[in-house]
Amino acid sequence: MTTELSQLRTQIDEVDKTLLSLLVKRMNLVAQVGEVKSQLGLPIYDPDREAAMLASRRQEAENMGIPPDLIEDILRRIMRESYASENNKGFKKLATHLGPVVIVGGSGKMGRLFSRLLTLSGYEVRVLEADDWDNVEHILAGAGMVIVSVPIHLTEKIIRRLPPLPEQCILVDLASIKQRPLSAMLEVHKGPVLGLHPMFGPDIGSFAKQVVVYCDGRYPESYQWFLEQISVWGARLYPITAEKHDRNMSFIQALRHFTTFSYGRYLAKEDIDLQQLLSLSSPIYRLELAMVGRLFAQDAQLYADIIMSSPENIALIRGYYQSFGQVLEILEQQDKSAFIESFNQVSGWFGDEAARFMKESRVLLQQASDNRV
Ligand code: NAD
């Protein structure tokens, strides 16, 4: 190595070390912001502040001859880290006089996540697990809120198994389907009822930017504090009726999980050499494969429950299967003009979103390439 090269590299190392100490300084400031927000009960994610800050930094970067996308990427990554670390600190308790929160299925994945955040926010959390029913009256005594977080196929049954709850107690469920659990809760409990669906898996680092869908059940004024508490944790709330929720979920979850499952099943059936497939994969295919593979790292029962949760889901999947057959016919007939015509129709249907998706996925693909080991 020439001396010049080694001197330049030493200078780069020095600059990187300066970046590190600046990062420490920034993280310390963010931690102080976290403390202040926690005391005031403000959400850890502030979309307006984030957008304004990124816009300014992009402008400044441009003025300095740095690609704006670069600074945005770096800052977003740093912010993600900050959200995750803020998530381990305390949050302001918004319902100061609430009785204990009982999580039915509280040792499960979602139950543990809610238990952690509620505890960090100062609530007393009790768990009611499968073998605790002999003790149910004692565990539920004085409960201010009961959250049902059990496998979907048991949800309704367990809601109906609950003994009468205190009148003011808020009854909540977290199931990925909403109509049937919500009806069951409204039947068994005359007090406040709320249906929630966290639109994320339990492995998230932080609630920041995650979406929690909610379906009002009864006496919404009694549980507004809980919705606010969830936004303090950083999530965005999305209200919807249980019917609309389930209809949308048929597409977002049932159909998607079905196609992912079928694709993975077919790869396995053909006994493809996965390592070779990965070596030959472009970043987009690798990402798609990762989306398929991650399904099979999760709970089979959960996905069976989600896909088969309603006759509407099965009807939708049958419609999809028929559409597959129609496309196959086009291919077998080598009818390229029919294919192109159909392609253009779909492209027209996606409209402006197609270009937006192209841009959004480009960023994801660049990240996927960076992370490739
Ligand atoms: P999980 O299997 O990890 O947890 C379920 C818990 O329920 C377990 O601890 C189990 O012991 C307990 N349980 C089973 N039978 C019981 C009984 N009779 N009485 C009391 N407890 C009982 O499942 P999970 O992933 O935590 O899912 C829980 C809920 O969260 C489901 O309704 C699911 O739809 C919803 N949800 C899950 C995800 C996810 O990605 N995991 C995402 C959104 C919503």
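Scroll up for the structure.
As the structure is a computational prediction, the values presented were derived from the model and not from experiment.

Criteria and cut-off values
- Residues numbered from 1 in each chain as written.
- Predicted model: local features only at pLDDT ≥ 70, side-chain atom pairs only at ≥ 80, totals over all residues.
- Heavy atoms only, no water.
- Helix = DSSP H or I, 4+ residues; strand = E, 2+ residues; numbered from the N terminus.
- Buried < 20%, exposed > 50% of the residue type's maximum accessible area, 1.4 Å probe, protein only.
- Polar contact = N/O pair within 3.5 Å; in protein donor to acceptor, adjacent residues only side chain to side chain.
- Contact = heavy atoms within 4.5 Å.
- Pairing = 2+ DSSP bridges.
- Axes fitted to C-alpha atoms, helices over the stretch in contact; angles between N-to-C directions.
- Phe/Tyr/Trp six-rings, centres within 6.5 Å; stacked < 30°, edge-to-face > 60°.

**Q** Describe the side chain of Lys178, and please don't skip the residues or the numbers.
**A** Assignment of secondary structure puts Lys178 in the loop between strand E4 (170-173) and helix H7 (179-188). Judged by relative accessible area, which is 0%, Lys178 ranks as buried. At 2.8 Å, the side chain of Lys178 forms a polar contact with the backbone oxygen of Leu196. Filtering out sequence-adjacent residues up to four positions away, Lys178 remains in contact with Asp173, Gly195, Leu196, His197, Cys215, Ala242, His245 and Asp246.

**Q** Describe the sheet that holds strand E6 (residues 211-218), naming the residues involved and giving the relevant values.
**A** Strand order in the open sheet formed by seven strands is E2-E1-E3-E4-E5-E6-E7, with mixed pairing between adjacent strands. Each end of this open sheet is capped by a strand with a single partner; those strands are strand E2 (125-128) and strand E7 (236-239). Averaged over all adjacent pairs, the angle separating strand axes in this sheet is 25 degrees, with direction ignored.

**Q** Give me the lowdown on the packing of aromatic side chains, citing residues and values where you can.
**A** Counting across every chain of the model gives 13 aromatic pairs. With 5.2 Å between their ring centres and 75 degrees between their planes, Tyr320 and Phe324 make a pair best called edge-to-face. Pair noted here: Tyr320 and Phe324 are both in helix H13 (residues 311-332), with a separation of four residues, about one helical turn. Given a relative accessible area of 28%, Tyr320 falls into the partly exposed group. Residue Phe324 is classed as exposed on the basis of its relative accessible area, which comes to 52%. Taken together, a centroid distance of 6.3 Å and an interplanar angle of 35 degrees make the contact between Phe339 and Phe343 tilted. Residue Phe339 and its partner Phe343 are located together in helix H14 (residues 336-350), separated by four residues, close to a single helical turn. By way of ring pairs, the aromatic residues Phe114, Tyr123, Phe200, Phe207, Trp225, Phe226 and Trp233 are connected into one cluster.

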